[in-house]
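Here is how the chains run, residue by residue.
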Amino acid sequence: MAAANNNGTGRLHFGRLKDVVEMPGFFQIQLESYEQFLQRGVDPKRRVGTGLQELFLETFPIESPGGDILLEFVEYSLSEPKLSEEESRRRGETYSLTLKVKIRLIHKDTLVIKEDDVYMGEIPLITPRGTFIFNGSERVVVSQIHKSPGVIFSYDNKKNIASGRIVPDHGGWLEFEVDSKRDIVYVKMDRRRKLLLSTFLRALGYITREDILKLFYKVETLRVKKGDKEVLALTDKVLLTDLVDKKTGQVVIEYSGRRLTKRDFETIMASGVEKVDVVALSEYEGSEVLIKTLNADPCFKRQNRGEDEPELTPQDEALVDIYRSSRPNEPHNLEGARNYFQKMFFDEKTYSLSQVGRYKLNKKFNLNVAESITALTKEDIIHTVRYLLEVHIG
């Protein structure tokens, strides 16, 4: 004999087994999530930084180009729905509530402060069934699937290219790849033209060849004894910089980015130099991709040839190169290049990994960056490149 279901649906149950656990309300997750997004019943001063509150906190304050006027977010308010669900269906209207935001306008010069409520629009309200009513029609809104923020590495066996990309919650993608044919590391910002990794690192402030090599390779200071015939101490190593005799100031061996040879060792012995700073290529199984990347950089090529440096510093030159490649149709100036690079990846108003992305980067690279810091840090980028080199060598 059929038994009535106790959950209020009016369905008949013909089974003999009784329910062990009461069927949960599957709409409850959506309903609770939307309420956390709106925070309707929470006092404005006690709202946490999620949902609408987080959105306004990320957007404000807004400063005028001259810096004399400032807009600050105070709080937002949500009205009760003007129409009920049934009335919205009957009239062909949207079941919604009104969003108003209290904005504070500050004139820095005159210290005049004004506050006012600004109408921002209507926000659809979810029904107890987990649906929305738009123009009188009841609809189910399905969340769009997109890449989760974090860092992703891959290897293309056909093209023989290792790549890594940092995917934000909002903002431009930062992609790195190793060209195995040329053994050079490239970087792409927001899927635009490729640049040398060294150019990007110079823009971060690592302006010398030594600074960059020390980030990824182990640097050793070898003591060379006069009459020592052992060549093994210097094999499979590269000079960190020009080898200069400190007593005479003469260059014994110029930096060339190649491995030292027996002839170089004999030259060092004959010069009487006692200490040699070298890069140990034991890192990344002897891969020279970073050294070859530095050798391909025009900035370091000029240094190798002893040419006069341009008016810009290596860092400023890199910033302008990045700005020129990203905004080719705009006038190129140093201040604009600095602002563009800062906002691209290091300003939380325009770039955010979100707490999910920050957690993933911390876990992937064993970092200890606070989850509240959602913009990129230099540490994130350096660890991403290091891991990419490990993927490249397999």
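These lines cover the structure that appears in this document, whether it is placed above or below. As the structure is a computational prediction, the values presented were derived from the model and not from experiment.

## Focus on the overall build of the chain
Helix and strand counts for the chain stand at 12 helices and 18 strands. Looking at the chain as a whole, 39% of its 394 residues are labelled buried. A sequence separation of at least 24 residues applies to 55% of the contacts in the chain between residues at least 6 apart. By element, 50% of the accessible surface of the chain is carried by carbon and sulfur atoms, the whole surface being about 24,200 Å².

## Digging into the sheet that holds strand β5 (residues 96–107)
Spatially, the 4 strands line up as an open sheet ordered β3-β4-β5-β6, and their pairing is antiparallel. Because the sheet does not close on itself, it has two edges, and the strands there are β3 (62–63) and β6 (112–124). In this sheet, β6 lies alongside β5 in antiparallel orientation, the contact comprising 12 bridges. Following the sheet pairing, Leu 97 is matched in β6 by Ile 123. The strands touched by helix α2 (residues 51–59) within the sheet are β3, β4 (69–78), β5 and β6, with β4 carrying the most contacts at an inclination of about 175°.

## Regarding the environment of Gln 39
Its place among the elements puts Gln 39 in the loop between α1 (28–38) and α2. On the basis of relative accessibility, which here comes to 6%, the residue Gln 39 falls in the buried class. Not counting residues within four places of it along the chain, the set of residues in contact with Gln 39 comprises Arg 47, Val 48, Thr 50, Gln 53 and Tyr 76. Among the polar contacts listed, one links the side chain of Gln 39 to the backbone oxygen of Thr 50, at a separation of 3.1 Å.

## Some words on the packing of helix α4 (residues 197–204) against helix α12 (residues 378–393)
As a packed pair, α4 and α12 sit with axes 11 Å apart at the nearest point and diverge in direction by 160°. With respect to each other, α4 and α12 are oriented roughly antiparallel. Handedness of the crossing formed by α4 with α12: left-handed. Here α4 contributes Leu 197, Phe 200, Leu 201 and Leu 204 to the contact with α12, which in turn contributes Lys 378, Ile 381, Ile 382 and Val 385.

## Describing the pairing of β5
Pairing of β4 with β5 involves 9 bridges; the strand directions are antiparallel. Bridge pairing links Ser 77 to Lys 100 in β5. Hairpin connection between β5 and β6: a loop of 4 residues separates the two successive antiparallel strands, and Leu 111 in this loop has a positive phi of roughly 60°.

## What about the environment of Ala 280?
With respect to the helices and strands, the residue Ala 280 is situated in strand β18 (residues 275–280). Each C-alpha atom, one on Ala 280 and one on Lys 218, is 5.6 Å from the other, the two residues being 62 residues apart in sequence. What Ala 280 contacts, discounting residues up to four positions off in sequence, is Tyr 217, Lys 218, Glu 220 and Lys 237.

## With respect to the pairing of strand β10 (residues 161–167)
Counting buried positions along β10 gives 6 out of 7 residues, so the element sits mostly inside the fold. Two elements, strand β9 (residues 150–156) and β10, share 7 bridges in a ladder whose sense is antiparallel. Of the residues in β10, the one forming a bridge with Ser 154 is Ser 163. Connecting the antiparallel pair β9 and β10 is a turn made up of 4 residues, with Asn 160 showing a positive phi of about 60°. As defined by bridge partners, β10 adjoins strand β11 (residues 174–179) across 6 bridges and the pair is classed as antiparallel.

## Comments concerning the nonpolar core
Counting 67 residues, the largest nonpolar core has Leu 174 and Phe 200 as its most contacted members. With sequence-adjacent residues up to four places away left out, Phe 200 is seen in contact with Leu 174, Val 187, Met 189, Ile 322, Phe 341, Phe 345 and Ile 381. Residues Leu 38, Tyr 95, Ile 103 and Ile 133 belong to the second largest nonpolar core, which totals 19 residues.

## Notes on the sheet that holds strand β12 (residues 184–189)
Pairing within the open sheet is antiparallel, and its 5 strands lie in the order β9-β10-β11-β12-β13. For this open sheet the edge positions go to β9 and β13 (195–196), each flanked by a neighbour on one side alone.

## Here's the deal with the environment of Ile 133
Along the chain, Ile 133 falls in strand β7 (residues 132–134). Judged by its relative accessible area of 0%, Ile 133 is buried. Apart from residues lying up to four places away in sequence, Ile 133 is in contact with Glu 85, Ser 88, Arg 89, Glu 93, Thr 94, Tyr 95, Thr 127 and Glu 138.

## Notes on helix α11 (residues 354–365)
Given a rise of 1.5 Å per residue, 12 residues ought to cover 16 Å, and the 17 Å separating the end C-alpha atoms of α11 matches this to within 8%. Considered for burial, the residues of α11 that qualify are Ser 354, Gly 357, Arg 358, Leu 361, Asn 362 and Phe 365. For α11, the angular spread of the buried residues around the axis is 135°, confining them to a single face. Exposed and facing more than 90 degrees away from the buried side of α11 are Gln 355 and Lys 363. Lining the buried residues of α11 we find β9 and α12.

Rules used in this analysis
- Residues numbered from 1 in each chain as written.
- Predicted model: local features only at pLDDT ≥ 70, side-chain atom pairs only at ≥ 80, totals over all residues.
- Heavy atoms only, no water.
- Helix = DSSP H or I, 4+ residues; strand = E, 2+ residues; numbered from the N terminus.
- Buried < 20%, exposed > 50% of the residue type's maximum accessible area, 1.4 Å probe, protein only.
- Contact = heavy atoms within 4.5 Å.
- Areas by Shrake-Rupley, 256 points an atom, 1.4 Å probe, with all protein chains shown as cover.
- Pairing = 2+ DSSP bridges.
- Axes fitted to C-alpha atoms, helices over the stretch in contact; angles between N-to-C directions.
- Polar contact = N/O pair within 3.5 Å; in protein donor to acceptor, adjacent residues only side chain to side chain.
- Parallel < 35°, antiparallel > 145°, perpendicular 65-115°, else oblique.
- Left-handed = near helix turned anticlockwise from the far one by under 90°.
- Core = buried A, V, L, I, M, F, W, Y, C linked by side-chain atoms within 4.5 Å.
- Expected span 1.5 Å × (residues − 1).
- Arc of directions from axis to C-beta.

That's the geometry; what it means functionally is another story.
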